[in-house]
Structure formats: C-alpha cells, structure tokens
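Chain and residue survey
Spelled out, the chains give:
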Amino acid sequence: MMAAVCQPSFSQLYQYKFEFGGFGHAPGQLFGPTFVTAGNDGNFYVSDTGNHRIQVFDNSGNFLFGFGSNGSANGQFKSPNGIAVMDDGTIVVVDRGNDRIQLFDQQGNFLHVFGGSGGGPSQFGAPVDVDKNALGQLVIGDQANHRVQIIETSGQFVSQFGQQGTGNGQFQFTHGVSIQANGNMTVTDYYNHRVQVFDSNADFLMTFGTMGTGNGKLMYPIDNVVDAFGNFIVGDRDNARLSIFDSKGRFLETLQDLGAGSAPLASPHCVAIDSDGNLLVADAGRNRIVVLEPVQRCENLVANAMPINYSCDGGVEIFRVDSNNNWNLIQSIPGTSLNDPASVIFAPDEELFVANRHCNMQLPSTISRFVYDPSSDAFVSNGTISGNSLESVHDLAFSPWGELFATNWTNGTISRFTFQNGVAIANGTINVPQPSSPHNLGLTFSPDGELYSTTYTELHRFTFDSNYDVTNHEMFDLPGILHFPGFDPVFGDLFIARNNSPGGEGSVLRYEIDPGNNLVFKESIRLGVEDAVSIGIAFDCNNNLIVGAQSIPGNQPGIYQYRVYEDCVTQLRRVDTAAGGGVAATSPGCFAFDLIDGVVVSGSLDDLAISDNNDFVIRRSPTSIDSRIEFEQTVASPSPDPSLIRIQYEGSVFARPAIVQRISLFDFQAGAWVTVDERFASRFGDRQFTVEYSLMTERFVSSLGCVRARVEFEGPLNRTQITAHNDLLNISFE
C-alpha cells in the first residue's frame, strides 16, 4: 500500500464541539443555512437562506436576534448567501437573488445597498460570497460573471479579476472567497472543482483539487477558509464532507463523520474560523451550524544528528517546533563539541544524549550529554558516558524501566547503563546474533517493553523477565538495508528506516504487531528522493513521524515529517538540513495520546470497562490488596509563570473502606511530584471539586511550557468502584 492512497478514518485536526439550529422558521431555527461568519464581538452571524433572513447567535449557539424577510425592498432578501462583519460591526450581506449587496448596523438596521443585475462594475450575476481585505474593501465572488470584484463599502468599484474558462486565473462560476492574514485571496472555482489562490494584487499563485470523490478530489465545492495552521479547509458539498489541504495545497484529510452522537455532514456549504480557532460549518442539508474545535497541538523540540562521511564535520541541530508546526532552528552543536554524531535521544526529563560514532570509526566511543539551560535557551554540556564496550555507537534508546541502551556497530553488542543520582553506571551488554551482518545499527522498545534491534538486513527482538534479563531472542529477515526503528505511540506500529540499492529511493517500512506477536507488513513510505538513505525515526508529541535522511552528494538530505493515520501516512513537510541522521523529539511534551482524552490510568486493575459515551469504570475485586490508581493530564501553560493553576476533578467513588485521594503537580525543577491537596474519598457519592494553586507556579512549568497534574486513589482498594468521566481532570490557568 502506498502513502498516496491514504484514507484517514478520523480527523486529526478538528473534533466536534457542538451544533445549533435545526429545521424550522421560528427564531433560532434554520432552513438551509448556507453561510456563517464570526464577528469581532464573538457572535455568530448566519445566512438563514431558506428563510430569507439573517440570524445572530452568541458563541454558545444561543439565539440573539434576527432581521430580514422575503422580498426586494431595502432590508429584505431573496436567498441571502455570503456574510461578513466589518471591524466597526457593520454587517455585509450578499443578497444573491436580488443581485446586490446590503449593509446593516450592529443591530440589523438597514444602512445602504449597492449592485444590480449585469456584468459591469459593481453589478452582479448571482453573487455568492463576500470577505473583507486589510484595506476594509469588500472582495465578492460574482458567480455568473465568473469573476471576483473588489469594491468599497460605499459601492465604489475598485478592481476585478477572472473570466470564464478553465485555465489558471479563470473560473467556471466563482463561489467562496477567503482572505488570508498575508493578504492572499483564495477562491472556490465551483464548476472547475478546484480552489485557486491569488496574492493581494490578484496575481495567480497556485491551484489544487480536481473533480472526483477520492482524496484530494472535490465535487462542486462551495466555500473555503484558511485556519491558524495555514491549512485550506474546503466545503466539499457534493462529497458531503470537508476536504483539508496544507499550505502548499497538498491533501491532508477529509472530515465527514463527526462522532459524539452527531449525524455526519450532509451538505456543507460555508466554512469559517472564529477568534478561538474553532471551525464553523454551515451544513445546509441538516439545517444546522456545526462548531468544531481544533485538536490540541503541542510544542516540542526536535534534535537531528548530522553524520557526514565518518568525519568530524557533523554536529547536532535542535529545532523548536511550535503548535502551528513551524520549525525554528534554535541551536547547532558543532562537530568540534562531539565526535561524528550518529543519533540522538531525549530522556524523559528532556536531557539530550548524543551517540558518537567517532571520526573515521576510531575506537572506543562515547555518549555525550546535554541539559537545557533556560537562561541561555540552549543545551549545555553535561559530561559524557564511556566504557562498557562502547564502540562506534550508532543508536540509543531508553527502556520503559529507565535504562539507556546503545548499539555498538563494530563489536556486535548492545551496551546497557543504569543511572544513580544522575550518574550512568555500566550494566553489562547484550550479544546480538549476526548471521549475515557484523554490525549493529538501530534499536527501540515496543510499548510492552520488548527490545527491537536492526543489523542491516535482520530485525532482532529481545524479551525480558521481571529482573530485566533477556529471556528470549527472535530474528526476522527483512528487505533492503535497515537502519533505525521506532514505534508510534498511538497505533503501536513498528516503523523502520531503510535505504534501497544505489539509485533507489530511501523509504520507511511499517509493520503491525498482531495479537500473536507476528510482524504484519502494512506499507512502504517512499521519501521520493533518489539515492536517499533513510536513517533516523522519531515521533513528535502530535504523533507525527519524523525521518532523518542522508543522501549521496548532489541530492537532497533533510528531515521529513508525516502525519500518521491508522493505515497510512501523509507527508507534511521537508526541513532542509546539511545531513539527516538519527532524530529525536521531546515527547509526549504537552500532549499525551492516552486512554481517554489525555487521561493516564495506571495501577493494578482487575477490571476496566469503557462505556459508549467514553466514560470509564474501574472495579476492584474483594481480594485486592493495597494499591494505587492514578489519572494524569498534561497541558500547555499560557506563560512560564502563571499566577494561578486551577485543577478541576469530576468523578464518583464507592469505596470500602474510605481511601486517600491526592492531587499533585509535577515540579520540573525538583523532578518530583508535589502534593497540593489530600483528602479522604467518600465511601460513596460524586467527587467534584476545584483546587487552586498560586505559589511558585514557575516550578511546575517545564522548559517546553507544559504543566502536569494527577489525581491518585491510594489504599486498600477492595470492593472499590471509581467512575471517571471524559472531563475527569482538567487544568486551567489565570
């Protein structure tokens, strides 16, 4: 299966929040709404097209007021469509059936009108949509005239662009228009089944979409908008879905099924973004407005080792990746501070470890350590690790129990280190059988604690006992030359970087581990660069796949990023770099793909049940002994020293006897949990309370801006039942 046929089963960008409307003619009810927008006042303005009126709602979907009726007099409408709210609150409505534009004050009182049927300046042929540009001018999709007009709010014509046709800059019935923050204009080209993008001077930039039902295809698209991440979101009406493309016009995903008990989209027309980043959808087929919120995205650091021809020229690059997926290089650690770095890894406390192969494969090798210094916003040296058979170290991995493992390329072993008060202590080696290749390369741990290691053409799997000694070894012959492996934390699939024969493309192999612990091939992800050598594998805190790739001189090395779905991936971007090698990301950072909505459940559990509404229930048997169950949540803080951290908890407990309930915050400076509230959980009844903490809050914000909180139940958990809701543990700030 190729990545190009990706068919995501759910949206990784937006999730259902709420909806309002419903068929009818009374205030607050809707009949075929086609357009919606958000004003600076936070209210939602809806073109209730079938009822020939405009209705205004607050940002919770509560009806405020409405105006208009069926007709051609001032203040009346015939099938109103596009709507815009100016900075001063003036409401601009495209009165499509009357071929005109009407303006109203903030209370819906008529101000003035311009337009009329025709093809001349400030005349219209069934106009559809309107948006405002940075100059306060109106940009209007003039459908039957196959053009876009730019007009002052007074009605004075400014300019126009477009004509009927199928070429770039030509239209077959213009529909939705959207103005980006940079001034670019995006136009939905209805009968050409595409979207065209123009700069602020109306010069053509690009187009995307073709007629069809597959991914990246459009069928009579109505409207478009650009979100805070730079993605194009298209109301793909006849496909009954939203189609989402990145800033380059590359397909990302579709959104049709909303989940949360809501009916799928039926006939999405307009799409808009409010000031909170929520996505508003006018679903005319179901007479409703749907509000979707962006899936929480996190910021993290990505490190890239740059091995260059076994010389001392390579170094390590460190990028800060923000919540909009912008990559900013914040530090370059030069090769003079290292020794031909091959790979990197972040420890759970965000310390950076670098595997040094050593220049020209000289022996022995070392592992360099760096810690983050907030005062300089840089990683500074924290010593080195040596000994324990380290020879030409190629890759590093931390085990679930906290040991550091390192592959040795020349001696066929894997070195192990434990830590005592931060000091690395040798803990022996693992011998790797190597029937066809004498060299160890990559290694990673599966979610259940098995070690996977690569030796060019073989994949090795090691199982450990309760003392963390190896008890079993298996070997798999796989195609190509294997490099570093990694498991994605959401779907649990194994990804292995691979390069093919010279002249071939670098790629990444993806395998599922089935219930029988067998490797099942899922797909090969091609980098699309000849002579590329895929080296490193990592996953960022949004579960995006990151691949470090070298290449033969003259071709493009780089860091490749992919969005991972259950059965496929789609490429997000390529980051230029001198060489791509082993890569690492601080993960999970400020976002955790946990059991339900970012809540971690741990402890000895006899029974765990998840209900249809995503509540979950933990039950203990009468024979259970003292134990602990904890729920953890990690979120991004709005500042490095918030004045207040508020922890809200909701759930219910039935316990015999009563047990201790403890609320804690993680102190990133001390590296330990700090109890901020402790009480006995009632023998029965709901548990709903709020804890506010305001002392030295900067200690509880990590260098990446993360705050971690948890609630624990501890004690003799026999005959205990805990029911936890979706919003079990919430963190907010002041």
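Residues numbered from 1 in each chain as written. Predicted model: local features only at pLDDT ≥ 70, side-chain atom pairs only at ≥ 80, totals over all residues. Heavy atoms only, no water.

Points about the overall build of the protein
Applicable threshold: Put simply, DSSP marks the helices as runs of H or I at least four residues long and the strands as runs of E at least two long, and each gets a number from the N terminus on. Relative accessibility decides the category of a residue: with a 1.4 Å probe and only protein chains considered, values under 20% of the type maximum give buried, values over 50% give exposed, and everything between is partly exposed. Should any heavy atoms of two residues lie within 4.5 Å, those residues are counted as being in contact. Note on areas: Shrake-Rupley, 1.4 Å probe, and residue coverage restricted to the protein chains presented here.
From N to C terminus, the protein includes zero helices and 58 strands. By residue count, 57% of the 734 residues in the protein fall in the buried class. Across the protein, contacts joining residues at least 24 apart in sequence account for 53% of those joining residues at least 6 apart. Surface accessibility of the protein: about 28,400 Å² in total, with carbon and sulfur atoms responsible for 47%.

As for the side chain of Thr 34
Relative to the helices and strands, Thr 34 resides in the loop between β1 (14–21) and β2 (35–38). Ignoring any residue separated from it by four or fewer positions in sequence, one finds Thr 34 in contact with Ser 47, Thr 49, Pro 80, Asn 81, His 269, Cys 270 and Ala 282.

Concerning the confidence of the model for the protein
This is how it is decided: The quantity called pLDDT is the predictor's confidence in a given residue, expressed from 0 to 100.
Considering every residue of the protein, the mean pLDDT works out to 82; 80% of them sit at 70 or more. Across residues 1–9, where pLDDT falls below 50, the model places 24 contacts with residues more than four positions away in sequence or in other chains. Between residues 588–627, whose pLDDT stays under 50, and residues either more than four places distant or in other chains, the model counts 115 contacts.

Points about the sheet that holds strand β6 (residues 80–85)
For the record, the criterion: Strands are labelled as partners when DSSP assigns at least two bridges between them. In this analysis an axis means a line fitted to C-alpha atoms, helices contributing only their contacting stretch, and an angle means the value between N-to-C directions, from 0 to 180 degrees.
The four strands lie next to each other as β6-β7-β8-β9, forming an open sheet whose pairing is antiparallel. Of all the strands in the sheet, the pair left with one neighbour each is β6 and β9 (110–115). Averaged over all adjacent pairs, the angle separating strand axes in this sheet is 20 degrees, with direction ignored. Looking at chain direction, strand β8 (residues 100–104) and β9 are connected through five bridges and run antiparallel. Bridging across to β9, Gln 102 finds its partner in Val 113.

Here we look at the sheet that holds strand β48 (residues 583–585)
Sheet architecture is open: four strands sit in the order β29-β28-β27-β48, paired in antiparallel fashion. In this open sheet, the two strands that pair with only one neighbour each are β29 (327–333) and β48. Strand after strand, the sheet turns through a mean of 20 degrees between neighbouring axes, direction not considered.

Comments concerning the pattern of salt bridges
Note the threshold: Here a salt bridge means any side-chain nitrogen of Lys or Arg lying within 4 Å of a carboxyl oxygen belonging to Asp or Glu.
Inspection of every chain in the model, using the stated rule, returns 19 salt bridges. Note that Arg 237 is salt-bridged to Asp 238, the shortest N-O span being 2.7 Å. Accessibility expressed as a relative area gives 21% for Arg 237, which makes it partly exposed. Given the relative accessible area of 40%, Asp 238 is considered partly exposed. One network of salt bridges, in which partners are shared, links Asp 493, Arg 510, Lys 522 and Glu 523.

Remarks on unusual backbone geometry
The phi dihedral of Asp 99 is positive, around 50 degrees, even though this residue is not glycine. Residue classification places Asp 99 among the buried residues on the basis of a relative accessible area of 12%.

Some thoughts on the pairing of β6
Of all six residues making up β6, six are buried, and the element is well covered by its neighbours. Across four bridges, β6 lies against strand β7 (residues 91–95) in antiparallel orientation. Counterpart to Val 85 in the pairing with β7 is Ile 91. Hairpin remark: β6 followed by β7, antiparallel, with five residues in the connecting loop; positive phi at Gly 89, about 95 degrees.

Considering the pairing of strand β4 (residues 53–57)
The buried count for β4 comes to five of five residues, which makes it a mostly enclosed element. Neither face of β4 is left uncovered, since the one carrying Arg 53, Gln 55 and Phe 57 and the one carrying Ile 54 and Val 56 both have all their residues buried. For strand β3 (residues 44–48) and β4, the ladder comprises five bridges, and the chain directions are antiparallel. Residue Val 46 lies in a different strand from β4, and its bridge partner there is Gln 55. Here β3 folds back onto β4, and the loop between the two strands holds four residues, one of which, His 52, carries a positive phi near 55 degrees. The pairing of β4 with strand β5 (residues 63–67) spans four bridges and is antiparallel. Its bridge partner lying in β5, Val 56 is registered against Phe 65.

Quick word on the packing of aromatic side chains
Our working definition: Each aromatic pair joins two rings of Phe, Tyr and Trp (for Trp, the six-membered one) with centres within 6.5 Å, and gets the label stacked for planes under 30 degrees apart, edge-to-face for over 60, and tilted for any other angle.
For the coordinates displayed, the defined rule picks out 38 aromatic pairs. Where Phe 67 meets Phe 104, the ring centres are 4.8 Å apart and the plane angle is 45 degrees; that geometry is what we call tilted. With a gap of 37 residues between them, Phe 67 in strand β5 and Phe 104 in strand β8 connect regions that are remote in the sequence. Judged by relative accessible area, Phe 67 falls into the buried class, the value being 10%. Overall, the relative accessible area of 1% leaves Phe 104 in the buried class. Note on Phe 198 and Phe 204: the rings are 6.0 Å apart at their centroids and 75 degrees apart in plane angle, and the pair reads as edge-to-face. In this structure Phe 204 comes out as partly exposed when scored by relative accessible area, which is 30%. Connected via pairs of aromatic rings, a cluster forms that spans Phe 18, Phe 20, Phe 44, Phe 57 and Phe 63.

So, the environment of Leu 390
Along the chain, the position of Leu 390 falls in the loop between β33 (378–385) and β34 (393–398). What makes Leu 390 buried here is its relative accessible area of 2%. When the C-alpha atoms of Leu 390 and Asn 411 are compared, they prove to be 8.7 Å apart, with 21 residues separating the residues in sequence. Excluding residues within four positions of it along the chain, Leu 390 makes contact with Pro 364, Ser 365, Thr 366, Ile 367, Ile 385, Ala 406, Asn 408, Ser 415 and Phe 417.

Some remarks on the environment of His 175
Summarising the element assignment, His 175 is placed in strand β14 (residues 174–179). Relative accessible area serves as the criterion here: at 4%, His 175 is assigned to the buried category. Contact partners of His 175, with chain neighbours within four places excluded, come to Val 128, Asp 129, Gly 141, Gln 143, Thr 188, Tyr 190, Pro 221 and Ile 222.

Here's the deal with the side chain of Gln 55
For clarity, the cut-off: A 3.5 Å cut-off defines polar contacts: any pair of N or O atoms within that distance qualifies, except that in protein one atom must be a possible hydrogen donor and the other a possible acceptor, and neighbouring residues in sequence count only when both atoms are side-chain atoms.
Take Gln 55: it is sitting in strand β4. Engagement of the side chain of Gln 55 in a polar contact is seen with the backbone nitrogen of Gly 28, the distance being 2.7 Å. Ignoring anything within four residues of it in the chain, the contact list for Gln 55 reads Ala 26, Pro 27, Gly 28, Gln 29, Leu 30, Phe 44, Tyr 45, Val 46, Asp 48, Phe 63, Phe 65 and Gly 66.

Quick word on the nonpolar core
Note on soluble globular proteins: their nonpolar side chains tend to be buried together. Just so we agree on the cut-off: In these notes, a set of buried Ala, Val, Leu, Ile, Met, Phe, Trp, Tyr and Cys residues joined through side-chain atoms within 4.5 Å is what counts as a nonpolar core.
One finds Phe 20, Val 36 and Phe 44 to be the most contacted residues of the largest nonpolar core, which totals 28 residues. Formed by 16 residues, the second largest nonpolar core is a distinct cluster that contains Val 225, Leu 255, Leu 279 and Val 290.

Notes on the environment of Gln 180
With respect to the helices and strands, the residue Gln 180 is situated in the loop between β14 and β15 (185–189). For Gln 180, a relative accessible area of 16% translates into the label buried. Excluding residues within four positions of it along the chain, Gln 180 makes contact with Thr 186, Val 197, Val 226 and Phe 232. Of note is the side chain of Gln 180, whose polar atom sits 3.0 Å from the side chain of Thr 186.

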